[in-house]
Amino acid sequence: MLTQQQLPLSPELGKSYIKQCYNSDKAALAFIAMAVSYLLLGLTFGVLGSLQYLLPKFLNNYLTFQKTRPLHVYLAISWIFTAAQGGLYYYLPRLSNRKLFWLQGAWIHFALQLLTSLAIITAFFMGYFGGREYLEFPPFMGIFIAISWLPFAINFFGTISPQFKTAPVYYFSWTIGIVFFYITLSESYLWVFDHFNNNVTRDITVQWKALGSMVGSWNMLVYGTSLYIMEQLKGDKKISRSPIAFFFFFLGFTNLMFNWGHHTYIVPAAPWVKTVAYVISMTELLIFGQILFQFRKTISNTLKYYYSIPFRLLSFADIWIFLNLGAAIAISIPAINFYTHGTHITVAHAMGTTIGINTMLLFASIFYILQQQKPGALNQKSSWIGKGVLITNISLILFWTSLIGSGLVKISARLENKAFAVMMKNCEPFFKIFAISGIGILIGLAILIVTVLALVFKKEHNLPLHIDSNSLVEMETEL
Amino acid sequence: MTKIIIACFLFISFVVYSGFIYTRGTANNIKLSGSEQKMIAHGKQIYQQYNCQACHQIYGLGGYLGPDLTTAWSDPQRGKYLIKAMLISGGNRMPAFQFNNEQTEAIIAYLKYVDTTATSLKPRIRQELH
Ligand code: HEM
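Residues numbered from 1 in each chain as written. Chains lettered and ligands numbered in written order. Predicted model: local features only at pLDDT ≥ 70, side-chain atom pairs only at ≥ 80, totals over all residues. Heavy atoms only, no water.

1. Examining the site of the ligand
Moving on, step 1. Of all residues adjacent to the ligand, which total 27 residues, the nearest are Tyr53(A), Arg69(A), His72(A), Met351(A) and Tyr64(B).
Moving on, step 2. Taken together, the residues near the ligand originate from chains A and B.
Moving on, step 3. Within the side chain of Arg69(A), an N or O atom sits 2.6 Å from an oxygen atom of the ligand.
Moving on, step 4. Between the ligand and Tyr64(B) there is a distance of 3.0 Å, counted from an oxygen atom to a backbone nitrogen or oxygen.
Moving on, step 5. Contributions of two or more residues to the shell around the ligand are made by α1 (25-54), α2 (65-96), α12 (344-373) and α14 (420-457) of chain A.
Moving on, step 6. If you tally residues by element for the shell around the ligand, the top one is α1(A), at seven residues. (Near = heavy atom within 4 Å. Polar contact = N/O pair within 3.5 Å; in protein donor to acceptor, adjacent residues only side chain to side chain. Helix = DSSP H or I, 4+ residues; strand = E, 2+ residues; numbered from the N terminus.)

2. Here we look at the environment of Lys57(A)
Moving on, step 1. Structurally, the position occupied by Lys57(A) is in the loop between α1 and α2.
Moving on, step 2. Excluding residues that lie within four positions of it along the chain, Lys57(A) makes contacts with Gly91(B) and Asn92(B). (Contact = heavy atoms within 4.5 Å.)

3. Considerations on the coordination of the iron atom of the ligand
Residues and elements named next belong to chain A.
Moving on, step 1. Taken together, His72 (NE2) and Met351 (SD) make up the protein donors of the iron atom of the ligand, found 2.0 to 2.1 Å from the metal.
Moving on, step 2. For the iron atom of the ligand, the six donor atoms are set out with angles of 87 to 179 degrees between them, so the coordination reads as octahedral. Separated by 279 residues along the polypeptide, His72 in helix α2 and Met351 in helix α12 bring together distant segments of the chain. (Donors = N, O, S within 2.8 Å, 3.2 Å for Na, K, Ca; no water. Tetrahedral: all angles 85-135°; square planar, octahedral: opposite > 155°, others 65-115°.)

4. Details of the packing of α12(A) against α14(A)
Residue and element names in this part refer to chain A.
Moving on, step 1. For the pair α12 and α14, interaxial distance at closest approach is 12 Å and the crossing angle is 15 degrees. Between α12 and α14, the angle falls in the class roughly parallel. Crossing geometry of α12 relative to α14 is assigned as left-handed. Listed contacts from α14 to His344, Met351, Ile355, Thr359, Phe363, Ile366, Phe367 and Leu370 of α12 are Phe431, Phe434, Ile441, Leu445, Leu448, Ile449, Val452, Leu455 and Val456. (Axes fitted to C-alpha atoms, helices over the stretch in contact; angles between N-to-C directions. Parallel < 35°, antiparallel > 145°, perpendicular 65-115°, else oblique. Left-handed = near helix turned anticlockwise from the far one by under 90°.)

5. Digging into the packing of aromatic side chains
Moving on, step 1. Using the criterion set out here, one finds 50 aromatic pairs over all chains in the structure.
Moving on, step 2. Geometrically, the ring pair formed by Trp320(A) and Trp400(A) is edge-to-face, given 5.8 Å between the ring centres and 75 degrees between the ring planes. Residue Trp320(A) is found in helix α10 (residues 309-331), and its partner Trp400(A) is found in helix α13 (residues 375-415); the two are separated by 80 residues along the sequence. Considered together, Trp320(A) and Trp400(A) belong to a single accessibility category, that of buried residues.
Moving on, step 3. In this structure, Arg94(A) is placed above the aromatic ring of Tyr90(A), and the distance from its NZ or CZ to the ring centre is 3.6 Å.
Moving on, step 4. In this structure, Lys3(B) packs its charged tip against the face of Phe246(A), placed 4.1 Å from the ring centre. (Phe/Tyr/Trp six-rings, centres within 6.5 Å; stacked < 30°, edge-to-face > 60°. Buried < 20%, exposed > 50% of the residue type's maximum accessible area, 1.4 Å probe, protein only. Lys NZ or Arg CZ within 6 Å of the ring centre and 35° of its normal.)

6. A word on helix α5 (residues 169-187) of chain A
Moving on, step 1. The end-to-end C-alpha distance of α5(A), which contains 19 residues, comes to 26 Å, matching closely the 27 Å that a straight helix rising 1.5 Å per residue would cover.
Moving on, step 2. Of all 19 residues that make up α5(A), 15 are buried, and the element is covered over most of its length. (Expected span 1.5 Å × (residues − 1).)

7. Remarks on helix α1 (residues 2-22) of chain B
All names here are of chain B.
Moving on, step 1. Along its 21 residues, α1 runs 30 Å from first to last C-alpha, staying within 8% of the 30 Å computed at 1.5 Å per residue.
Moving on, step 2. Within α1, burial applies to Leu10, Phe14, Tyr17, Ser18 and Ile21. Along the long axis of α1, the arc covered by the buried residues comes to 105 degrees, so they all point the same way. Of the exposed residues in α1, the ones pointing more than 90 degrees away from its buried face are Ile5, Phe9 and Ile12. (Arc of directions from axis to C-beta.)

8. A short note on the side chain of Glu231(A)
Residue and element names in this part refer to chain A.
Moving on, step 1. Mapped onto the fold, Glu231 is located in helix α7 (residues 200-234).
Moving on, step 2. Owing to a relative accessible area of 3%, Glu231 belongs among the buried residues under this scheme.
Moving on, step 3. Of the polar contacts made by the side chain of Glu231, one reaches the side chain of Tyr170; its length is 2.8 Å.
Moving on, step 4. A distance of 3.3 Å separates polar atoms of two side chains, one belonging to Glu231 and the other to Gln232.
Moving on, step 5. Not counting residues within four places of it along the chain, the set of residues in contact with Glu231 comprises Tyr170, Asp236, Lys237, Ser240 and Arg241.

9. Topic: the nonpolar core
Moving on, step 1. One finds Trp79(A), Phe137(A), Trp174(A), Phe363(A), Phe367(A), Leu370(A) and Val452(A) to be the most contacted residues of the largest nonpolar core, which totals 144 residues.
Moving on, step 2. Every residue in contact with Phe367(A), bar those within four places of it in the chain, is listed here: Ile309(A), Pro310(A), Leu313(A), Leu378(A), Ile385(A), Leu448(A) and Val452(A).
Moving on, step 3. Of all hydrophobic cores here, the second largest spans 29 residues; its members include Val200(A), Ile83(B), Ile107(B) and Ala109(B). (Core = buried A, V, L, I, M, F, W, Y, C linked by side-chain atoms within 4.5 Å.)

Honestly, that's just the spatial picture; any functional story needs more than this.
Put into structure tokens, the structure is as follows:
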């Protein structure tokens, strides 16, 4: 028997909603707490790394850039996929109207992920490396990651068991996200075979290919989540089943598989690799056009729902999608890419998207969940959250611009054939803005992180009206 | 059903394309003797073990605190001796790894090999400079 009770009017959307509790919600919240902890640690190492750009001798005995960079990048990436996984543990039972397929599996996943990340962080501190971009830990640890994702994959497919005919587009995004995570993780370890390892052209090309698509696979998890939240916020189930939504899904999927090539323009692979890369990259113009087309609607929606925290975060993400996609299309043009490749413009793109888009969307998802689970407490913190979001976005504008600025300095130094040391000296003003705005991002996001942790651990006075072990929904609460 | 067909079609294209990338798309015709190959592999292994890529790029892949090393070997401003000096005693930001002779030679062999593959890069750079 279902025991649900309507809550008073939702402060956010002006309509009443039903608070549902599933027995897997605790696991979802635990994942969220783990994810924001990764983010806080990752940001700290990012700031230390940026200070090493300015102060050559800063921490150069024990914690050199050789360690701070992998710590930062690994933790930043872990934040992204862990927050997405936490969201899915929360949404899956609600979408399918049934309990999570394997509750213990979620906790096993949690334990494995925690142990894996502790092992990887320890390895970095002790100076054990695998020395591959993004996967800088010793190679055998890749197996731990693959294993830790297994219970998640089982839970995902076990819980939704989709009916493809009527499935909304985000089912497809999530499925592709999980399947391609495995494919690309395996692909990024092909170098252990001599066929790949002994040929640098092949090794680098395959590495870009695997990493480019791996980033695409997390994006599928994150974008799927944002589509779902958008649907819930607007209360319109048609959008995510419309042909246009599927058209853009398939375009995104094609880009996930083939778009990595613009990273390899300077690698001496066969010319057709570049042609394919270029053509595929340009299909992103369609996505860009679509965003432009929707802009007015987006703005009017933003104004309408500005008081809703998740909506505000989604709107900021929209702006960053626009800016980063524009920049990405520009640097996919070979004549431009020749100059920008290997400069901080690439870093601007990497962090512009991971902070501006992924991080904003994931916080939207987290606050959407907390709004349902701890509405009272969240309401009290909303002005703090607003400040954190604003500080982050203003700092990010400076951060992004400073990285593009130092990229431009590097290009001009290259053209004038200046030595590396001279180029670094010329970049210094930009590195200063980079480090200071990085601290701004740390402060802005720390406000959000601390708020999330406080809310996750806060007990809202829930009065269990009825507990029935066979029901989907275990209890209902009063504010 | 159409959706499944499109998804399968795209996925099959991906598999076929990957096959080409793993073979013909990235073939190179540099001939190396067995001992050279061993030395290069050893150099690459050291490069990975010490996580040089946190600070250096090869073909643009890696961190940005240090210079790109793809063409360090043939660059008139850098070359073998600077590489050697740097590997032993470090620089302003580059850590002093104090590699022994055998390790230094292996890393140099690897960087030299990378440099010889960089045909796509060198004529373009020269063109741009002149
Ligand atoms: C949500 C927050 C952040 C995320 C998700 C993130 C993500 C990333 C990623 C993916 C990279 C790899 C870029 C590449 O080389 O392709 C990176 C590099 C880096 N990030 Fe962040 N980042 C974040 C915040 C910050 C902050 C606040 C700072 C502080 C200034 C920072 C400093 C750096 C530095 C120094 C690098 C290395 C650049 C290099 O390769 O030389 N990051 N970050």
